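Observations on the three-dimensional arrangement
Listed below are the residues making up each chain.
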Amino acid sequence: MYASGKYSSRGPALIPRMKTKHRIYYITLFSVVLLGLIATGMFQFWPHSIESTADWTLDKRSVHDAPLIRLPVSSPIPERGDLSCRMHTCFDVYRCGYNPKNRIKVYIYPLQRFVDELGVPISNTGLSREYNDLLSAISDSDFYTDDVTRACLFIPSIDVLNQNSLRIRETAQALSMLPRWDKGMNHLLFNMLPGGPPDYNTALDVPRDRALLAGGGFSTWTYRQGYDVSIPVYSPLSADVELPEKQPGPRRYFILSSQTAIHREYRAELERLKEENGDALLLLDKCSNLSQGASSARKRCYKGQVYDYPQILQESSFCVVLRGARLGQAALSDVLQAGCVPVILADSYILPFSEVLDWKRASVVIPEEKLSEMYTILKSIPHRQVEEMQRQARWFWEAYFSSMKAIGLTTLQIINDRIYPYAARTYEQWNNPPVVKWTSVNSPLFLPLIPPRAPGFTAVVLTYDRVESLFRVITEISKVPSLAKLLVVWNNQNKSPPEGEKKFKCPECTAIDGLSLDQTHMVERSECINKFASVFGTMPLKVVEHRADPVLYKDDFPEKLKSFPNIGSL
């Protein structure tokens, strides 16, 4: 009773004060947590960095808001460009490092406006819509990083898609001022319209040091194989005109030519083919009788008759794509979109993404000197093959040509495959639609026409009768993760090799049966080599003494004397 009375006498006075203190404490704690969550959410979703994806959308940020950078007259100019550059000489793959996703990281420089000392911009167009779309697509992709220290590849925000709009010297100076330029190492430039009158060089004329070039008009003389990337010339009609996919099969016309700026010699040859083959060939040109305000880019004419372009392309089985002043032509993209098989006549032209795309499945390439034989060549192609090429042409456009996003991400994927070849896309992934809908999947047309990328190495083992040693070698080599194939060369012509990649026994094999133990072996070998040298005219073989430590795994030595005791870990 005493205890309860004492509690009851003091409790009522203490409890209200405790509740007030707790209430204030919990309210304060809740407020701090709530403010923290709000701040975290704003930090995550608010564009808090100049490298954020919002930078590459003109609707959200005007080019005029970008910092102004003046180029001193004395600014350095990069070298013209090293034609000997390859990935192992001009690209630092160690920047890319290893990551679980096997994906390069790409950094886009912040948007800046470069002007000379008089305030004149280096470009008369600024940032084009196409280049803005390209940068936006990359910044929204898994390749993008806003952390410059993690970047493997750097893309300037300087638009060099169209050389006609650039001041060559000043653009080169602007590139050299980029913080991470380092003679262009690991930098990527996109250009679709290279060169200018009168020569129209097939690669960008802007000096660019060692930078990679994704170019839209490469020739075999300017393309650095395995380093540059040949890209298509984007057609603005891709975004403005929607052509529904047309079922493959015979069309109204067999051959159609729709380009308007064709050299007069080619035009004369096409007109001769038209006279010989009549309505099978439709030869279009620009229209001269359009009403005022009509878009000439969307119309083509033949003898006063007007056709809608590019819709008319869907009415032909084959569509001619001739070289113009530049090798790369936007007409190629229009033709693919229409599902018309392109007939490409542009000697030395490096076709877009030819590093990974098998163009024999979607086009016909004819030397320019054989233009007069074009009709005969195309008539020799079976109908079934033409239908498959029509399907493939349309799919190439959808996957790789249809937008600046498709072009940009395909370029990055090709570079990614070079850096991580063991995780690269296969021939089938590049060239087969995700779902093959047609029935002719067993056609030999679907066999690779270019060598597939090897996922690993091939081990070649030479042996005579040492079966047990052969088995031990095979067992150890098979542990290597990057092994793709193992080829055993059996040199004993008097005995068949053991049957079965399982463990085999060879009771009849003895130590005295070895090839090298035969007393005549050295004499016969010397005679053979001397005969070879007399036929060859000289002795090409060199005397070399070499010790290969990895083979010591099968010898009876202490482990500490073996540099590579386990060959499977190499």
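Residues numbered from 1 in each chain as written. Predicted model: local features only at pLDDT ≥ 70, side-chain atom pairs only at ≥ 80, totals over all residues. Heavy atoms only, no water.

Per an unreviewed UniProt entry, the protein is named Exostosin glycosyltransferase 2, and its organism is Scophthalmus maximus. What the UniProt record of the protein gives under Subcellular location (unreviewed entry) is the line "Endoplasmic reticulum membrane". Per its UniProt entry, the protein bears the Sequence similarities (unreviewed entry) comment "Belongs to the glycosyltransferase 47 family." (UniProt positions renumbered as here; feature names shortened; annotations may be inferred.)

Right, let's get into unusual backbone geometry. Note the cis peptide between Pro 197 and Pro 198, where omega equals 0°. Mapped onto the fold, Pro 198 is located in the loop between β5 (188–191) and β6 (212–215). The peptide bond linking Tyr 309 to Pro 310 adopts the cis configuration, its omega dihedral lying at 10°. Assignment of secondary structure puts Pro 310 in the loop between β11 (305–308) and β12 (316–322). Despite not being glycine, Asn 186 shows a phi value in the positive range, around 65°. Here Asn 186 is to be found in the loop between α4 (168–176) and β5. A positive phi angle, close to 55°, is found at Asp 209, a residue other than glycine. (Helix = DSSP H or I, 4+ residues; strand = E, 2+ residues; numbered from the N terminus.)

Moving on: the sheet that holds β5. Read from one edge to the other, the open sheet built from three strands follows the order β5-β6-β7, with strand pairing classed as parallel. The sheet terminates laterally at β5 and β7 (229–230), the two strands that pair on one side only. Bridging between β5 and β6 involves four bridges; their strand directions are parallel. Its bridge partner lying in β6, Asn 191 is registered against Gly 215. Contacting β5, β6 and β7, helix α10 (residues 404–419) runs over the sheet at an angle of about 140° to β5. (Pairing = 2+ DSSP bridges. Contact = heavy atoms within 4.5 Å. Axes fitted to C-alpha atoms, helices over the stretch in contact; angles between N-to-C directions.)

Attention now goes to the pattern of salt bridges. Per the counting criterion, the structure on display carries 13 salt bridges. Here Glu 269 ties to Arg 272 by a salt bridge, and the two come within 2.6 Å at their closest N and O atoms. Of this pair, Glu 269 and Arg 272 both sit in helix α6 (residues 264–277), separated by three residues, roughly a single helical turn. Using a relative accessible area of 21% as the deciding quantity, one classes Glu 269 as partly exposed. Salt bridges here are not isolated pairs; linked through shared partners, they connect Asp 116, Arg 167 and Glu 170. (Salt bridge = Lys/Arg side-chain N within 4 Å of Asp/Glu carboxyl O. Buried < 20%, exposed > 50% of the residue type's maximum accessible area, 1.4 Å probe, protein only.)

The next thing to look at is the side chain of His 187. Tracing the backbone shows His 187 in the loop between α4 and β5. In terms of polar contacts, His 187 uses its side chain to reach the backbone carbonyl oxygen of Arg 180, at 3.5 Å. A polar contact is formed between the side chain of His 187 and the backbone oxygen of Met 185, at a distance of 2.9 Å. Those residues within four positions of His 187 in sequence are excluded, and the remaining contacts are Tyr 109, Leu 153, Phe 154, Leu 178, Arg 180, Trp 181, Ala 211 and Leu 212. (Polar contact = N/O pair within 3.5 Å; in protein donor to acceptor, adjacent residues only side chain to side chain.)

This part covers the sheet that holds strand β9 (residues 281–283). Pairing in this open sheet of five strands is parallel, and the strands run β9-β8-β12-β13-β14 from one edge to the other. Among the strands making up the open sheet, the edge pair consists of β9 and β14 (364–365). Examined bridge by bridge, strand β13 (residues 341–345) and β14 share two bridges and lie parallel to one another. Bridge assignment links Ile 344 to a residue of β14, and that residue is Val 365. Helix α9 (residues 383–401) rests against β12, β13 and β14 of the sheet, and its axis sits at about 85° to β13.

Where strand β15 (residues 457–463) meets strand β16 (residues 483–490), seven bridges bridge the pair, whose relative direction is parallel. The residue of β16 that forms the bridge with Ala 459 is Leu 486. Chirality of the crossover, the property in question, places the unit of β15, helix α12 (residues 467–477) and β16 among those that are right-handed. (Right-handed = clockwise from strand over helix to strand, strands pointing away.)

Core analysis: the biggest nonpolar cluster contains 74 residues, and Phe 91, Ile 104, Leu 153, Leu 188, Phe 190, Phe 353 and Ile 419 have the highest contact counts within it. In contact with Ile 419, not counting residues within four places along its chain, are Met 87, Phe 91, Cys 96, Ile 104 and Cys 152. (Core = buried A, V, L, I, M, F, W, Y, C linked by side-chain atoms within 4.5 Å.)

This paragraph deals with empty space enclosed by the protein. A probe matching the size of a water molecule, rolled over the atoms, marks out where space remains unfilled. Estimates place the volume of the second largest cavity at around 50 Å³. Lining the second largest cavity we find Val 321, Leu 322, Arg 323, Leu 327, Gln 329, Leu 332, Ile 344, Ala 346 and Tyr 349. Classifying every residue of the lining of the second largest cavity by side-chain character gives seven nonpolar, one polar and one charged. (1 Å grid on protein atoms, 1.4 Å probe; cavity = no way out; pocket = protein on both sides within 12 Å on 5 of 7 lines; lining within 4 Å. Points joined across faces, edges and corners; volume = space filled by probe spheres on them. Nonpolar A, V, L, I, M, F, W, Y, C, P; charged D, E, K, R; others polar.)

Its boundaries defined by the atoms lining it, the largest pocket holds a volume of some 870 Å³. Forming the walls of the largest pocket are 36 residues, and the residues nearest its centre are Leu 193, Val 233, Tyr 234, Pro 236 and Ala 330. Along the lines of polarity and charge, the residues of the lining of the largest pocket split into 15 nonpolar, 14 polar and seven charged.

Take Phe 154: it is sitting in strand β4 (residues 153–155). Given the relative accessible area of 0%, Phe 154 is considered buried. C-alpha separation for the pair Phe 154 and Tyr 109, spaced 45 residues apart in sequence, amounts to 7.3 Å. Apart from the residues within four sequence positions on either side, Phe 154 is in contact with Arg 95, Tyr 107, Tyr 109, Val 148, Arg 180, Asn 186, His 187 and Leu 188.

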